[in-house]
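Residues per chain are reported as follows:
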Amino acid sequence: MSGLLEWILFLSLSAVAVGMAASMLLTMSMYRAGLALMASFLALAGLFILLDADLLAAIQVMMNVGGMLVMVLFMVMMMMDPGGEMMWEMKRKMQLPGPGALSMRMPRGKPPGMAPEGEKATADHPQTYTCPMHPEVRQDRPGQCPRCGMDLIPIEAQQPAQSYMAEATTYTCPMHPEVRQQGPGICPKCGMDLRPLEETGPRAPQPHGDKGMGTHAMDHGLQGVAMARRSPHWHDQMMADMAMSTAQLPWALVLGAASALVLVVLMIRTGWPVSRAVPAEDATLAVGELLLSRYMIGFEGAAFLILAGIVGAVIFAKRERKPAPRKAAKPPAKVEVYICPMHPEVRRSEPGQCPICGMDLIPTEQRPGSSHPDHGGAP
Amino acid sequence: MIGKTEASGPGRVDGWLTRLAGYKRRYLAVDGGGGGRLLAGLSTMSGGLRRVFSPRHAELLLIFEPVSHKLAPSIVELYQAMPQPRRALGVGEPGPDRFPHADLVRLEDLLPGLERISDSPGGPRQIEQRMRTLPLRPDQVSSKPEFVETTIPVPGKQEREIATEPVVLSLGPIQSLTAGPLRLLLTCDGEQVVSAQTEAGYAARNVAYAMTQACGPEVARLASLLDPLAPIAGRIAYVQALEQLQRQEPDLVFRQQREAALALERAQNHVRWLIGFAELLADDRLTVAARQLDAPLVDASTAFWEPSPTEWIVPQGSPVLVRSGRHKDSLARLATEICALRSRLERNRVLALRTAGIGVLSVHLLRAAGVSGPTLYASERGRGDVLGRLLTRLDEAAADLRQVAASASTFRSVEGREAVWSAPSGKAEVTVAGPRGQIGLSLASHGEGPGQVTWRRPSTALLSLIPELLAGQKLADAEVIVASLDLAMAEADG
Amino acid sequence: MNGFSVALLVFSGLLFGAYSIAVLEQLITLGLRHLGVALVSPLAEAAALLRQENLVPRGADSLLFRSSPFVALTAVALAALVIPLGPGLFGFDPSIGLFYFIVVLGPFVIAMMNAGWSQNAKEGLFGAFRAAAHLLSYEVPLGFAAIGPVMAAESLSTVRIIEAQAGLWYGVWQPLGFAIYLVSALFMTYRRPFDIPQAGSELEGGVLAEYAGPRLLLFSAALRAIFFLLSAMGVVLFLGGWHGPLLPGSIWFLAKTFALAAFLLWIGRFLPRLRHDQMLSLAWKGLLPASLINVALVGILILIRQGGGS
């Protein structure tokens, strides 16, 4: 290809490679960071093509697409905020300048006002019980639904799990605490005016009032987050996530840029031996022929070994044990419910294994004479 | 629910593009409770319509009445999520007109430019026609009914090494697994369902109360609306209850004819269910086979009686002219085809991958929950898994059709008396074998009309089984299991 | 052929390929009698999608959401370059053509995953994970199945593989490899029975749940185009490419591609949608050992032929 085209391609591919690597550090979304790394390597593959190293380029693409994909998958699975939305919201609320990761600071200390997990019924939030089939049935204590006889389950008077940031004040109806909305209005059930919900801890921030950047604003941001989750373990997790943008990041960037500069200077100043040799036309073909003719037996052997390993693993694999055979003849007088001691929400009417952890299910006695077996309601 | 939009650019309404685009319309169906039959009929029409399952892919929103207040926010949300240009089509009489005692909404108040079409004559063909010619246009939704928030208990977070969190998936209330709206709240650990919860009540029409407020033949009409998919069963239940109160025993011939009507309805229901189930499994051959059974069955059933069962299922009977002889051969033939299909399915190993050993219900659990009908028979006769329920329903359908064909030769016109709609005081208890199980009716009358009406509905019992049944299943299996229960939410919610 | 005409050829080829696959889908479901409907329906759907609004869900990762269809199309276009439609009719012929093809289709799966992820909806996320499971399942069996023709032709170049089949098509004496390739192709293009990540009724459309309007059209076109490409590659590897009596090579190539595509669509109808862990079991416990056996068999056959012939 012509020299100019080659230069253009080289410069654009290099720009993509470096730019994507930089954006990997600067973005707050872990998913995007993984993709940026992938894109950077793909640009490198493009550079390999420019060097006529097609096979290397293809291998580069294959390895990195697969590898980065798995990395991204695990990040999405394990991390609290893989999309960076939480961080982005916080940054926006605090109106911090500058590109994403560079402007964040690690929050110091635990934000105040975080209640321990498990605090459910308080005077402000009476615990109401309802029937899963007839939601119009509500009462203050557990029991059975008068319509169908099913056990009542508690309604959690909590924010839905997805709302990280309590933006505006939450309004609720004094008669119906399960009714909540983000602005004032009237209760759809009884028509009473809604009142703001009293938060535990510092008052919720005004939507656009806060301009301060100190701990005050940080706490509000975190306060909203803290409303959704409440355990110290979660807090540690969140801090680990925010490590995407640590105080050390500018140092990392400076060091990286410095080393890159040193390498470039070395490259320009040092006399690298330039070879005029052009790779042979059919170099790959020659290598392929060699491999296929002389070393085919090696491939066959490797394939055979892998096959033997897989077959052996499959044949000797531990089969899932069938559930214990049902007792013959008469059914039990009481309806037995089997639960897993680690996961009480898993309930079965016959013995077996817990699908989550594999432990054997243990029986729990049910009240005799109940017409419906107890359902998986409260955890 | 799918999040709200931030769109760019309204839809264009150019001439030739519109004409070309109208050749194939994509619609999203919302079944408020009464649409199962018509939906199945629509799916057999090939060509101009395609059913989609995400509002973003749809141009038309097809809503089957009645729509309760509880369902309204979901419908508005779906409509808002649809891209412009769009249109909504309501099928059936407006809910508040038909059920004045229920908490229903008028669709015209909810959605702008809603077009209404009635749900009887012409059936699916007419609906399809209207859907293909309805002009689409950009519009804005003004009313925004508030959601009633539900919070469900999520399994407590445990301090594990790997801090993953379970996802709460809310399937519905508009989903294709049941005939009618039902919300399934599945707490999933990846693809595995940890716990399940149902939220019903979206199709509640308060039929029992409405029956106490009406009198005469109107009550029978309401009874037939309890389960729109099984109108004959409801009607027969009420009529038999009245006859019990009146201390009249109808003639043997009438009883046989009523049984035949019930059996035909049951068979129709099973085949309709099979269509939906095959579509869920995405098994094209089964879908095609089911559709090929459905159309002739519907035709034969409608033409079997003259006049239609709604006219002659009345207390103490009336002159009945029956044309059954002509169609009993086709019914017998259909029964044979169903049996052939059943044996093919039993041998189909790939179908067994998705259905065998999945969702096993034990007999004593079913009996304890008060379940009856094909679900119970499946557990009694065999595996009690999804495949067993599928095969049992086919068996039942074939048996019902054979029974009707056999007894059809004994039918004849009978002179009857005028229908007597009085309800002398007393109590009556009736059980009718419906498509999903035994439908029970308890009627207490003070002489004026039904004073207290209580229905025992088979779908309610099945609903109560769902949380236990789904816990520990894989997500894709959970959907198949719920579909295999053949729930009719209109019946379940009453 | 200069760059511009190559690009034009590729794009028009892809458009034609996508359209023809859509027509084939209609024909298979409706039957051959409805040819007119089948020819117009894809155009009608395309027109309907074009006039819909191009929306982006709130809270979506808009960069990824907007770019996913284009990434998918780019991957497909780059892969199409190495498919030779006839003698001399190809984009470019690197000596590693087949390997390049398999590798370039990886970013297509990435595009599907991005689509699922960027929607900010749980359905999309589930679909994204399922799509990723696909990638990890098909890649190895596909590669191993394709090794058979490579060993026989002693080249990775698509053109040379076709030229080496002048005597006997590879599909004839490598039936196991052919079968594995076909199953992997179904995996890769998210077709029945492996279409759980994006099928309509699975969680409201899976990765495509939130796409509407022109972007949905781009994605549908990309999905169909990749199916066309994989059928074409199947023809290249196992069905002799453009070889055939009387008619010019390209006609034969297209005819064989359509036949293979129709066959794949047709067998897909017989099977219900597999649950995605069943798909993974099939891939790892079934396809992978079978493809290793295939490699061994083909190697043995080649050694026999070489030993006997030369």
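Above this text is the structure in question.
Bear in mind that the values here come from a model prediction, so they are computed numbers and not experimental data. (Residues numbered from 1 in each chain as written. Chains lettered and ligands numbered in written order. Predicted model: local features only at pLDDT ≥ 70, side-chain atom pairs only at ≥ 80, totals over all residues. Heavy atoms only, no water.)

Undergrad: Please clarify how the overall build of chain A should be interpreted in this entry.
TA: Counting its secondary structure elements, chain A contains nine helices and nine strands. Taken over 379 residues, chain A has a buried fraction of 37%. Considering only contacts within chain A whose residues lie at least 6 apart along the sequence, 48% involve residues at least 24 apart. With the model as given, the accessible surface of chain A reaches about 22,600 Å², and the carbon-plus-sulfur share is 65%. (Helix = DSSP H or I, 4+ residues; strand = E, 2+ residues; numbered from the N terminus. Buried < 20%, exposed > 50% of the residue type's maximum accessible area, 1.4 Å probe, protein only. Contact = heavy atoms within 4.5 Å. Areas by Shrake-Rupley, 256 points an atom, 1.4 Å probe, with all protein chains shown as cover.)

Undergrad: Looking at this structure, how should I read the overall build of chain C?
TA: In terms of regular secondary structure, chain C is built from 12 helices and one strand. Written out in order from the N terminus, the α and β elements of chain C read α-α-β-α-α-α-α-α-α-α-α-α-α. Its C-alpha atoms give chain C a radius of gyration of 19 Å, near enough to 19 Å, the size a compact globule of 310 residues would have. Taking the principal axes of its C-alpha atoms as reference, chain C extends roughly 65 × 40 × 40 Å. Put simply, chain C has 310 residues, and 62% of those count as buried. Of the contacts made within chain C by residues no fewer than 6 positions apart, 78% connect residues no fewer than 24 positions apart. (Rg over C-alpha atoms; globule rule 2.2 N^0.38 Å.)

Undergrad: How should I be thinking about the sheet that holds strand 8 (residues 183-189) of chain B in this particular structure?
TA: Sheets are built from strands paired through backbone hydrogen bonds, the pairs being either parallel or antiparallel. All names here are of chain B. Read across the open sheet, the three strands follow the order 7-8-9; overall the sheet is antiparallel. Each edge of the open sheet carries a strand with a single partner, namely strand 7 (167-171) and strand 9 (192-199). On average, each strand axis in the sheet is tilted by 20° relative to the strand beside it, whichever way the strands run. By the bridge criterion, five bridges tie strand 7 to strand 8 in an arrangement that is antiparallel. In the strand pairing of strand 8, Leu 171 is matched with Leu 184. (Pairing = 2+ DSSP bridges. Axes fitted to C-alpha atoms, helices over the stretch in contact; angles between N-to-C directions.)

Undergrad: For this particular structure, what's the right way to read the sheet that holds strand 11 (residues 437-445) of chain B?
TA: Residues and elements named next belong to chain B. With antiparallel pairing, the three strands of this open sheet are ordered in space as 10-11-12. The sheet is open, and its two edges are formed by strand 10 (426-434) and strand 12 (450-456), each paired on a single side. Shown here is a sheet whose adjacent strand axes are inclined to one another by a mean of 15°, direction ignored. As paired elements, strand 10 and strand 11 share nine bridges and run antiparallel to each other. For Glu 429, the partnering residue across the bridge sits in strand 11 and is Ser 442. Strands strand 10, strand 11 and strand 12 of the sheet are contacted by helix 9 (residues 231-245), whose axis makes an angle of about 150° with strand 10.

Undergrad: Could you clarify how one ought to interpret the interface of chain C and chain B in this entry?
TA: Interface size is commonly expressed as the accessible surface area that is lost when the partners come together. Listed as interface residues are 47 residues of chain C and, on the opposing side, 60 residues of chain B. Taken over both partners, the interface formed by chain C and chain B buries close to 4,800 Å², and the fraction arising from carbon and sulfur atoms is 55%. For chain C, the biggest contributors to the area lost against chain B are C:Arg51, C:Glu53 and C:Arg275; these three give 17% of the whole. Taken together, the links from chain C to chain B amount to six salt bridges. Two residues, B:Arg56 and C:Glu210, come together in a salt bridge whose shortest N-O distance is 2.7 Å. Between chain C and chain B we count 13 residue pairs in polar contact (both at pLDDT 80 or more) in total. When residues of the side of chain C that touches chain B are traced back to their parent elements, those giving at least two are helix 1 (3-30), helix 2 (35-50), strand 1 (54-57), helix 6 (122-153) and helix 12 (276-309) of chain C. When residues in the side of chain C that touches chain B are grouped by element, the largest group, 10 residues, is from helix 2 of chain C. Residues of the side of chain C that touches chain B, tallied by class, amount to 23 nonpolar, nine polar and 15 charged. (Buried area = accessible area lost by both parts, 1.4 Å probe. Salt bridge = Lys/Arg side-chain N within 4 Å of Asp/Glu carboxyl O. Polar contact = N/O pair within 3.5 Å; in protein donor to acceptor, adjacent residues only side chain to side chain. Nonpolar A, V, L, I, M, F, W, Y, C, P; charged D, E, K, R; others polar.)

Undergrad: Whenever I open this one, the nonpolar core confuses me. Can you help?
TA: One broad trend across soluble globular proteins is that nonpolar side chains are buried collectively. The biggest cluster of nonpolar side chains holds 122 residues, and the ones touching the most others in it are C:Phe101, C:Phe108 and C:Tyr181. For this core, the element with the highest residue contribution is helix 10 (residues 213-238) of chain C, accounting for 16 residues. Ignoring any residue separated from it by four or fewer positions in sequence, one finds C:Phe108 in contact with C:Ala72, C:Ala75, C:Val76, C:Tyr190, C:Ala222, C:Leu223 and C:Ile226. In terms of nonpolar packing, the next biggest core, distinct from the first, is built from 111 residues, B:Ala214, B:Leu225, B:Ala260 and B:Ile275 among them. (Core = buried A, V, L, I, M, F, W, Y, C linked by side-chain atoms within 4.5 Å.)

Undergrad: Honestly, the pattern of salt bridges in this entry has me stumped. Any pointers?
TA: Between side chains of opposite charge, a pair can form when the charged atoms approach closely. Residue and element names in this part refer to chain B. As enumerated under the stated definition, the model contains 39 salt bridges over all chains in all. One salt bridge connects Arg 130 with Glu 115, and the closest N-O pair in it is separated by 2.7 Å. On the criterion of sequence distance, the pair formed by Arg 130 in helix 6 (residues 123-133) and Glu 115 in strand 6 (residues 115-117) is long-range, its members being 15 residues apart. Between Arg 125 and Glu 128 there is a salt bridge, with the nearest N and O atoms lying 3.4 Å from each other. Here Glu 128 and Arg 125 lie together in helix 6, a separation of three residues that amounts to about one turn. Taking relative accessible area as the criterion, Glu 128 reaches 4% and is therefore assigned buried. If you follow the salt bridges from partner to partner, you end up with Asp 227, Arg 272, Arg 393, Arg 436, Asp 486 and Glu 491 in one network.

Undergrad: Can you help me understand the pairing of strand 4 (residues 60-64) of chain B in this one?
TA: Both faces of the sheet carry side chains from a regular strand, because those side chains alternate between them. All names here are of chain B. Most of strand 4 sits out of view: five of its five residues are buried. A two-sided burial pattern is seen for strand 4, the buried positions comprising Leu 60, Leu 62 and Phe 64 on one face and Leu 61 and Ile 63 on the other. Alignment of strand 2 (residues 25-31) against strand 4, held across five bridges, turns out to be parallel. Of the residues in strand 4, the one forming a bridge with Val 30 is Ile 63.

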